[in-house]
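# Observations on the three-dimensional arrangement
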Amino acid sequence: MQRREFNQRLKHSAIALALMPWLSAVAAPADKPRVWRSNPFALGVASGRPRPDSVVLWTRLLFGEHDRAAGIDALRVQLEVFADAALQRRVYQTEVATNEARAHSVHVHVQRLQPSTDYWYRFRQGNALSTVGHTRTAPALNADVQELRIALSSCQHYEHGQYIAHAEIAKQQLDFVLFLGDYIYESSNPQYAVRKHSSDEPKTLAQYRERYEQYKRDPMLQAAHAAHPWVLMWDDHEVVNDYANDQDRQYTDPQQVLKRRAAAYQAYFEHQPLLLGPDPDLPANMRLYDQLSWGKLADLWTLDCRQYRSPQACRDPVRGGGRMVVQCDELSDARRSMLGLAQERWLTQRLSPSTAQWKLVAQATQISSTSIPTPVGRSYWNDAWDGYPQARQRLLQTVVDAKLNNVVTLGGDVHCNVAANLRLEPNNPQSPIVASEFVTTSITSRGLGDKPAALIRDSNADLLHYRSDERGYSLITVTPTQVRCDFRTTKFPAGTEAELKTQASFMVKSGQAGPLLV
Ligand SMILES: [Fe+2]
């Protein structure tokens, strides 16, 4: 993005740029402090996009019945940032405007912070205070970092269970949470419902907002946001199951899909600690892919696998989207892309020259193959990278061409814990292992049955670990000598008391591609 365009978008986005940190001289609100009947900070607080000198802080005000009756539009919200948990040493404060058009969401880009430093923050409006959030900045770019701790998570269908994984994440010592997608689900599965969605499938902005309101009210999810900065990616369910760019499973008119996508992206932005929202000129477009550096220890790329992808190959003419395909010639079409050519180029240009000890490529789904043999040839799941084999090969060829070692990919979406070897030719022992893959299971969303999971595991030699029967998250610990993955799981998070255990642990040693069982 050109600098001018970036500035233009910043101006248009619902971001209050905090340009005067360390000063506390902020104009007092002109109006009298509002007296709230119920606390409007009902959706909690969040921080995200950690950089050596900045973070984005978020909240959204939501009004109770009595307060809503007063018809509130424009509001000013105060933010305070502290250097200590006791909130004694205030290092920054500001006041920002919000209104109904942005669902009273608040995004503050706090700049000129110190690297590798803890901060605490809270919002205030009238007589109401938010909970206190904790965040932490990234290390300086040239810092010799000895450890990076990430909670890897994805797929939190509200109806399928309690967010006990988030309760544990909230208590962990972490640098950040990396959420890989499926933050909300648009669809319901009543047969698995531990608790229910309170509204019908969202299609409009108002309906998507309502869905986020329900998810964001969950106290365990709020605790995980309040405890750590989050680095966010999306997958399909933030819009609609299995969408690909402007196509959905029903072959809806692409213009209608884009309209729905614009509503979904706007609601996504309004509920997350992000710097940029939808493009004001093209609101169905929103730049989410990003790069984050953790000193000299790791570079991390967070990719967008939905907005720019080619439609799934060999779709059913009646119901499109994901399915198993056999004898599908379209798979070998080199023009097809998972990331879109612009994002592919962007990644290649940054991955190839990276000098970080570890190169972490986070994407929404699974890169290793889960194909199964059938009497008429192998059958491939066309919604994951198996459905984009040429794009997968381009990605791995980049690793080979740049002679990169220490590339680890991180994924979600498939509701499975996976540790896998990545080869240019999947499952071919003659083809060298060029990178390592960890995929985390879902926070709550139901996984594949035991039988198909066993068939997939037995049919793909590259899968060193493949389990779909448990829910949870993965703790990724990066040090100069290894990347370790602890799969933290429980059988079924139906109750709020369930506890997680370690299902398995793997590590990747520096200089040696391929996960090893610990
Ligand atoms: Fe999912």
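Residues numbered from 1 in each chain as written. Predicted model: local features only at pLDDT ≥ 70, side-chain atom pairs only at ≥ 80, totals over all residues. Heavy atoms only, no water.

### Quick word on the sheet that holds strand S17 (residues 372-374)
The sheet built from 3 strands is open, its strands ordered S15-S18-S17 with antiparallel pairing. Looking at the sheet topology across the chains shown, the edges are occupied by strand S15 (324-326) and S17. When strand polarity is set aside, the average angle formed by the axes of neighbouring strands in this sheet is 35°. Here S15 pairs with strand S18 (residues 377-381) via 3 bridges, running antiparallel. Along S18, the bridge assignment pairs Met 324 with Trp 381. (Pairing = 2+ DSSP bridges. Helix = DSSP H or I, 4+ residues; strand = E, 2+ residues; numbered from the N terminus. Axes fitted to C-alpha atoms, helices over the stretch in contact; angles between N-to-C directions.)

### Topic: the confidence of the model for the protein
Scored by pLDDT, the protein has a mean of 94; 94% of the residues are at 70 or more. Counting contacts from residues 10-29, a segment whose pLDDT is below 50, to residues more than four positions away or on other chains yields 49 contacts. (pLDDT = per-residue confidence, 0-100. Contact = heavy atoms within 4.5 Å.)

### Some words on the coordination of the iron ion
Here the iron ion is held by the protein donor atoms Cys 155 (SG), Asp 182 (OD), Tyr 185 (OH) and His 415 (NE2), which lie 2.1 to 2.5 Å from it. Classification of the site at the iron ion rests on its 4 donor atoms, whose angles at the metal span 83 to 167°, yielding the label irregular. Read in sequence order, the donor residues coordinating the iron ion give the pattern C-x26-D-x2-Y-x229-H. Placement of the pair is Cys 155 in the loop between strand S10 (148-153) and helix H3 (164-171) and Asp 182 in the loop between strand S11 (176-179) and helix H4 (205-216), with a sequence separation of 27 residues. Just as Cys 155 is buried, Asp 182 falls in that class too. (Donors = N, O, S within 2.8 Å, 3.2 Å for Na, K, Ca; no water. Tetrahedral: all angles 85-135°; square planar, octahedral: opposite > 155°, others 65-115°. Buried < 20%, exposed > 50% of the residue type's maximum accessible area, 1.4 Å probe, protein only.)

### Here we look at the state of the cysteines
Inspection of every chain in the model, using the stated rule, returns 1 disulfide. Bridging Cys 314 to Cys 328, the disulfide has an S-S length of 2.0 Å. With the S-S dihedral at roughly 95°, the linkage between Cys 314 and Cys 328 falls on the right-handed side. With Cys 314 in the loop between strand S14 (298-302) and S15 and Cys 328 in the loop between S15 and helix H7 (341-351), this pair connects stretches of sequence that are 14 residues apart. Left without a disulfide partner, Cys 305 is nearest to the cysteine sulfur of Cys 155, which lies 12 Å away. Of the residues examined, Cys 305 reaches a relative accessible area of 0% and is grouped as buried. Here Cys 416 stays unpaired: no disulfide links it, and the sulfur of Cys 155, its closest cysteine neighbor, is 10 Å away. (Disulfide = S-S within 2.5 Å.)

### Observations regarding the pairing of strand S3 (residues 55-60)
In terms of burial, S3 is a largely internal element, 6 of the 6 residues being buried. Both faces of S3 are covered, namely the face carrying Val 55, Leu 57 and Thr 59 and the face carrying Val 56, Trp 58 and Arg 60. Pairing between strand S2 (residues 45-48) and S3: 4 bridges, direction antiparallel. For Val 45, the partnering residue across the bridge sits in S3 and is Thr 59.

### Quick look at the nonpolar core
Counting 38 residues, the largest nonpolar core has Tyr 183, Trp 230, Tyr 268, Met 286 and Tyr 473 as the members making the most contacts within it. Looking at this core, the elements with two or more residues in it are H3, S11, H4, helix H5 (219-227), strand S12 (229-232), helix H6 (254-270) and strand S23 (471-478). The biggest single contributor to this core is H6, with 6 residues. Contacts of Met 286, omitting those with residues within four sequence positions, involve Trp 234, Tyr 265, Tyr 268, Phe 269, Leu 274, Leu 276, Gly 277, Pro 278, Asp 304, Gln 307 and Tyr 308. Listed in part, the 30 residues of the second largest apolar core include Leu 180, Leu 300, Leu 360 and Ala 362. (Core = buried A, V, L, I, M, F, W, Y, C linked by side-chain atoms within 4.5 Å.)

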